[in-house]
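Structural overview
Residues per chain are reported as follows:
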Protein chains: 2
Amino acid sequence: MDTDEGPPLPLTDMLCFDLYAASRLLTSVYRQVLDPLDLTYPQYLVLVVLWEHGDLSVREVVEQLDLDYGTVSPLLKRLEARGLVVRRRRPEDERSVVVSLTDEGRAMQDRARGVAPAIGAAFGLDEGDAERLRGLLGRVRTSAEEQAVRLAAGAD
Amino acid sequence: MDTDEGPPLPLTDMLCFDLYAASRLLTSVYRQVLDPLDLTYPQYLVLVVLWEHGDLSVREVVEQLDLDYGTVSPLLKRLEARGLVVRRRRPEDERSVVVSLTDEGRAMQDRARGVAPAIGAAFGLDEGDAERLRGLLGRVRTSAEEQAVRLAAGAD
DNA sequence: CACAATTACCTCGTGCACGATGTAGTTGCG
DNA sequence: CGCAACTACATCGTGCACGAGGTAATTGTG
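Note that the structure is a prediction, hence the values are computed from the model and not measured.

The environment of DNA strand C is formed by 26 residues, the closest being A:Thr40, B:Tyr20, B:Arg59, B:Ser73 and B:Val97. Protein-adjacent atoms of DNA strand C, using a 4 Å cutoff, are sugar or phosphate at a proportion of 80%. The separation between a phosphate oxygen of DNA strand C and a polar side-chain atom of B:Tyr20 is 2.3 Å. B:Arg59 places a polar main-chain atom, nitrogen or oxygen, 2.6 Å from a phosphate oxygen of DNA strand C.

Our next topic: the interface of chain B and chain A. How big an interface is tends to be expressed through the accessible area that disappears when the partners come together. Facing 61 residues of chain B, the contacting portion of chain A comprises 61 residues. Both faces combined, the contact of chain B with chain A buries some 6100 Å², and carbon together with sulfur accounts for 67% of it. For the chain B face of the interface with chain A, the top three residues by lost area are B:Leu15, B:Arg134 and B:Arg141, together amounting to 10%. A:Arg141 is the partner of B:Asp18 in a salt bridge, and the nearest nitrogen-oxygen pair spans 2.9 Å. Joining chain B to chain A, the criterion identifies 28 residue pairs in polar contact (both at pLDDT 80 or more).

Here the focus is the state of the cysteines. For the structure shown, the criterion picks out zero disulfides over all chains. Cysteine A:Cys16 shares no disulfide, and the gap to the nearest cysteine sulfur, in B:Cys16, comes to 17 Å.

All right, on to the pairing of strand S3 (residues 93-101) of chain A then. Residues and elements named next belong to chain A. With two bridges joining them, strand S1 (residues 56-57) and S3 adopt antiparallel strand pairing. Counted as the bridge partner of Leu56 is Val99 from S3. Pairing geometry for strand S2 (residues 85-90) and S3, over six bridges, is antiparallel. Bridge assignment links Arg90 to a residue of S3, and that residue is Asp93. Taken together, S2 and the strand that follows it, S3, pair antiparallel across an intervening segment of two residues.

What follows concerns the protein's contact with DNA strand D. Around DNA strand D lies a shell of 26 residues, among which A:Tyr20, A:Arg59, A:Ser73, A:Val97 and B:Thr40 are the nearest. At the protein interface, 81% of the atoms of DNA strand D within 4 Å belong to sugar or phosphate. One nitrogen or oxygen atom from the main chain of A:Val58 is found 3.4 Å from a phosphate oxygen belonging to DNA strand D. In this structure, a phosphate oxygen belonging to DNA strand D sits 3.1 Å away from a side-chain N or O atom of A:Arg87. By residue class, the composition of the surface near DNA strand D is seven nonpolar, eight polar and eleven charged.

Okay, the side chain of A:Asp18 next. Summarising the element assignment, A:Asp18 is placed in helix H1 (residues 11-34). For A:Asp18, a relative accessible area of 8% gives the class buried. In contact with A:Asp18, not counting residues within four places along its chain, are B:Arg134, B:Leu137 and B:Arg141.

Moving on to the relation of the copies chain B and chain A. For these two chains of identical sequence, chain B goes onto chain A by a turn of 180° and a shift of 0.0 Å along the axis, with RMSD 0.0 Å. The transformation relating the two chain copies, once decomposed into turn and shift, fits a two-fold axis.

Below, the discussion takes up the nonpolar core. Counting residues in each nonpolar core, the largest one holds 108 residues, and the members touching the most others are A:Tyr44, A:Val115, A:Leu133, B:Tyr41, B:Tyr44, B:Val115 and B:Leu133. Two domains share this core, each providing at least three of its residues, namely domain 1 (11-124) and domain 2 (126-156) of chain A. Filtering out sequence-adjacent residues up to four positions away, B:Val115 remains in contact with B:Tyr30, B:Val33, B:Leu34, B:Leu37 and B:Tyr44.

Conventions we followed
- Residues numbered from 1 in each chain as written.
- Chains lettered and ligands numbered in written order.
- Predicted model: local features only at pLDDT ≥ 70, side-chain atom pairs only at ≥ 80, totals over all residues.
- Heavy atoms only, no water.
- Near = heavy atom within 4 Å.
- Polar contact = N/O pair within 3.5 Å; in protein donor to acceptor, adjacent residues only side chain to side chain.
- Contact = heavy atoms within 4.5 Å.
- Buried area = accessible area lost by both parts, 1.4 Å probe.
- Salt bridge = Lys/Arg side-chain N within 4 Å of Asp/Glu carboxyl O.
- Disulfide = S-S within 2.5 Å.
- Pairing = 2+ DSSP bridges.
- Helix = DSSP H or I, 4+ residues; strand = E, 2+ residues; numbered from the N terminus.
- Nonpolar A, V, L, I, M, F, W, Y, C, P; charged D, E, K, R; others polar.
- Buried < 20%, exposed > 50% of the residue type's maximum accessible area, 1.4 Å probe, protein only.
- Least-squares fit on C-alpha atoms with pLDDT ≥ 70 in both.
- Core = buried A, V, L, I, M, F, W, Y, C linked by side-chain atoms within 4.5 Å.
- Domains from an automatic or database assignment.

These figures capture arrangement, not role.
What follows is the structure, given as structure tokens:
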């Protein structure tokens, strides 16, 4: 057992702050790039998964983005108000709502062609380092997921 | 000729999503750990910098956390309402507001002793990988900062 | 001294982000 | 069938997070 309490500012706190700050900073780069398209980063993410997968239920969007219904629901409402997507109840299961791209939503894919390169430049990493970063983040996500479950179980 | 526009889902999009998802996930772990203390993650961050540096002006808190006045101001207001900090106008410069810990704010440091280890477990990285991740994130932050400036200059 | 520029801070509006709660619609089971 | 359990969504309240816009205090300049 390790009773060491570590330095006054433990690495984990700093590491988490780095992650938090880097995430906010990249969102701000997205903001600048997406501003001409009048899109936010989460809205862009929804469009990305729709461009890739076509029609999706709200549930599937929630799963793809790992977000809450309470976040995605009003987000889709705004995208629908903007005319980029439509929401329809599925006839064979009236609980389910299918999200589909409109023509304007599909056209947005062309207008967003410059987004990824600009973000790539923001990272400033070569392919190897980018892959390394992805690997480390993937391990963190897996591990944090487990820890979240562990804590939830412990605080029953 | 090179008409290659890259894969349909470029790595940068996925990498940024990984960062975004990892950041949210770790915040959710913090949420579970900080919930008994009735603190949010940004509130905890403010306390961390105050524990380390002692009295700070609002400006210094903003700089330490790389946040906006519009974010920090109400955040400090809530911390003051909870009795963890006090805000006083600096007599020699009435524009400046000094944030100080109360006794209760200092006492919170003891109660928060378990936070860092729990977060460390969430990362699930050994010291070497943690350092590597920090290094990569540091480079991303530097590079994204430059790109942000570049874009701001380009969109004048 | 006047007064423009700057600094430090606050407030407001919009959009996430999530937990809690509510509500139709569907399924499972005696 | 009757009805409890479950699923898919929506809504609400709170707290960031940031841009825009405002105010008071200080500094710089002629």
